[in-house]
Amino acid sequence: MKNIIPPNNIKLRGSITIPADKSISHRALMLASIAKGKSVVNNFSNGKDPLSTLSVCKNLGVNIEIKENNTVIVNSYGHFSAPKSILDCGNSGSTMRMMAGILAGQNFNSVLTGDESLCKRPMKRIIEPLSLMGANISAVGYKAPINITGANLHGIQYSSKISSAQVKSCILLAGLFAQGVTTFKEPALSRNHTELMMKYMDADITTNGTSSIIRKSELTPRTINVVGDISSAAFFMTAALIVPGSDIIIKNVGLNPTRTGIIDVILQMGGDIEILDKRVESGEPVGDIRVKYSNLKACVIQGDIIPRLIDELPVIAVLATQAEGSTTVKNAEDLRNKETDRIFAIVHELKKLGADIKDTPDGFIVNGKTTLKGGTATETYNDHRLAMSLYTAGLICQKEILINNFDWVKISFPEFETLMNSLM
Ligand code: S3P
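Notes on the structure in this doc start here. (Residues numbered from 1 in each chain as written. Predicted model: local features only at pLDDT ≥ 70, side-chain atom pairs only at ≥ 80, totals over all residues. Heavy atoms only, no water.)

## Looking at unusual backbone geometry
(1) Moving on: Residue proline 145 follows alanine 144 across a cis peptide bond; omega there is 5 degrees.
(2) Moving on: Residue position: proline 145 is located in the loop between β8 (136–138) and β9 (146–149).
(3) Moving on: A cis amide bond links glycine 368 with the next residue in sequence, lysine 369, at an omega value of 0 degrees.
(4) Moving on: One non-glycine residue, asparagine 43, lies in positive phi territory at about 60 degrees.
(5) Moving on: In the Ramachandran plot, asparagine 382 falls in the positive-phi region, its phi being about 55 degrees despite a non-glycine side chain.
(6) Moving on: Its location among the elements puts asparagine 382 in the loop between β23 (377–379) and α11 (384–394). (Helix = DSSP H or I, 4+ residues; strand = E, 2+ residues; numbered from the N terminus.)

In structure tokens form, the structure reads like this:
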């Protein structure tokens with residue numbers, strides 16, 4: 001439970017450093033675990049999801065040590081060993097879907113499971129293509145637990161109907177162990193951290209637009225410096241844009257173009273946002289972001305931009321309540337398959353706070369600008385991004401709000417509240 005009591009006349013001022021990217025942390029640990037030798041992952045995320053990946057890799061016999069300052073040392077024989085128990089992925093879809101790709105091509109059996117939410121999420125999207133590669137993989141009703149009997153895989157040419165980085169990564173990871181060539185094509189480009197990190201670790205992978213081509217390869221162990229998470233930064237960008245008088249700098253934010261849809265939307269809405277000191281870290285672009293309170297106007301969000309901001313849509317709904325006009329989100333039906341049905345959840349909860357918002361089958365429509373009244377209890381649906389989106393909305397509510405099960409924030413961003421407080 002969490003009470004948000006907006007202090008009178010708060011302004012957000014100052015600078016924060018954004019903690020490690022969750023998606024990159026998962027990939028760093030997985031790829032380091034199958035690269036023979038010693039890899040070092042600096043600035044590994046301490047969210048519960050990446051820690052699920054870490055414990056699954058440990059369970060598969062990899063020697064992993066966590067040092068101070070979130071540095072992780074991985075010593076690998078270059079392959080996994082049969083697990084001693086069922087592999088628990090917790091709440092993490094990335095852990096389950098990507099690990100399934102690696103495990104399908106090993107010479108032992110394994111079972112992947114997760115919490116109540118993860119065991120309800122669709123797994124057909126990975127089971128079908130992996131089966132085409134010769135994997136022996138099954139799950140009742142295509143829902144976890146997933147049973148995998150290790151098999152010899154062969155490459156396929158796969159054209160995915162959905163743009164999902166988890167599905168793409170699963171197939172590319174399987175392709176690392178498959179005979180021949182594996183080609184994956186998606187309708188619009190989803191986050192490409194797997195492709196970039198595989199290249200950085202010498203895998204035989206090439207990319208061309210929305211296609212990736214991979215051949216069986218061995219990885220070179222490396223030092224990976226994980227950049228800050230733009231999906232975590234999104235709550236602070238939104239907070240600064242909607243709390244009058246705010247002016248903040250968010251440091252060390254990953255700016256991979258497959259993740260920066262939120263910045264494009266803010267610019268389209270007329271938000272005052274500026275990128276400072278752009279640089280490259282372990283193959284990923286990174287920079288600092290300055291954001292100021294702004295008068296916003298509505299916009300339409302649809303098509304190829306959706307995978308570039310899929311995780312930011314709940315907080316974009318909050319942003320849209322403060323934009324003049326009607327903001328429409330379309331083509332985002334996969335939001336219903338996340339940790340919870342995020343279309344239902346954000347619409348239901350923001351309505352309680354006084355927003356003019358309605359759901360559609362593949363998105364939502366928000367009419368702004370509205371005063372958020374607050375004065376009510378809200379639910380997180382045990383979803384970290386709902387928790388942080390509601391907290392952000394709470395900053396501009398006229399009356400205090402209560403957020404039940406706020407603790408789920410720890411899935412991706414345990415430092416969220418401390419950092420927000422440091423700006424007040
Ligand atoms: C992720 C991909 C996205 C995203 C998730 C993390 C990843 O999921 O929603 O939080 O790390 O690859 P989909 O690939 O299912 O869209």
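## Some words on the packing of helix α10 (residues 342–353) against α11
The relative placement of two packed helices comes down to the angle between their axes together with the axis-to-axis distance.
(1) Moving on: For the pair α10 and α11, the least separation of the axes is 11 Å and the interaxial angle reads 25 degrees. Classed by the angle they form, the pair α10 and α11 counts as roughly parallel. The crossing of α10 and α11 is right-handed. Contacts between α10 and α11 involve Arg342, Ala345, Ile346, Glu349, Leu350 and Leu353 on the former and, on the latter, His384, Arg385, Leu386, Ser389, Leu390 and Ala393.
(2) Moving on: Of the residues contributing to the contact of α10 with α11, the split by class is 7 nonpolar, 2 polar and 3 charged. (Axes fitted to C-alpha atoms, helices over the stretch in contact; angles between N-to-C directions. Parallel < 35°, antiparallel > 145°, perpendicular 65-115°, else oblique. Left-handed = near helix turned anticlockwise from the far one by under 90°. Contact = heavy atoms within 4.5 Å. Nonpolar A, V, L, I, M, F, W, Y, C, P; charged D, E, K, R; others polar.)

## Digging into the site of the ligand
(1) Moving on: Around the ligand, the structure places Ser23, Arg27, Ser94, Arg97, Ser164, Ala165, Gln166, Arg191, Ile310, Asp311 and Lys338.
(2) Moving on: Between the ligand and the protein, one listed contact pairs an oxygen atom with a side-chain N or O atom of serine 23 at 2.7 Å.
(3) Moving on: One of the side-chain N or O atoms of lysine 338 is found 2.7 Å from an oxygen atom in the ligand.
(4) Moving on: Residue composition of the shell around the ligand, grouped by class: 2 nonpolar, 4 polar and 5 charged.
(5) Moving on: When residues of the shell around the ligand are assigned to domains, at least three fall in each of domain 1 (2–20 + 227–422) and domain 2 (22–225). (Near = heavy atom within 4 Å. Polar contact = N/O pair within 3.5 Å; in protein donor to acceptor, adjacent residues only side chain to side chain. Domains from an automatic or database assignment.)

Treat this as a map of the structure, not an account of what it does.
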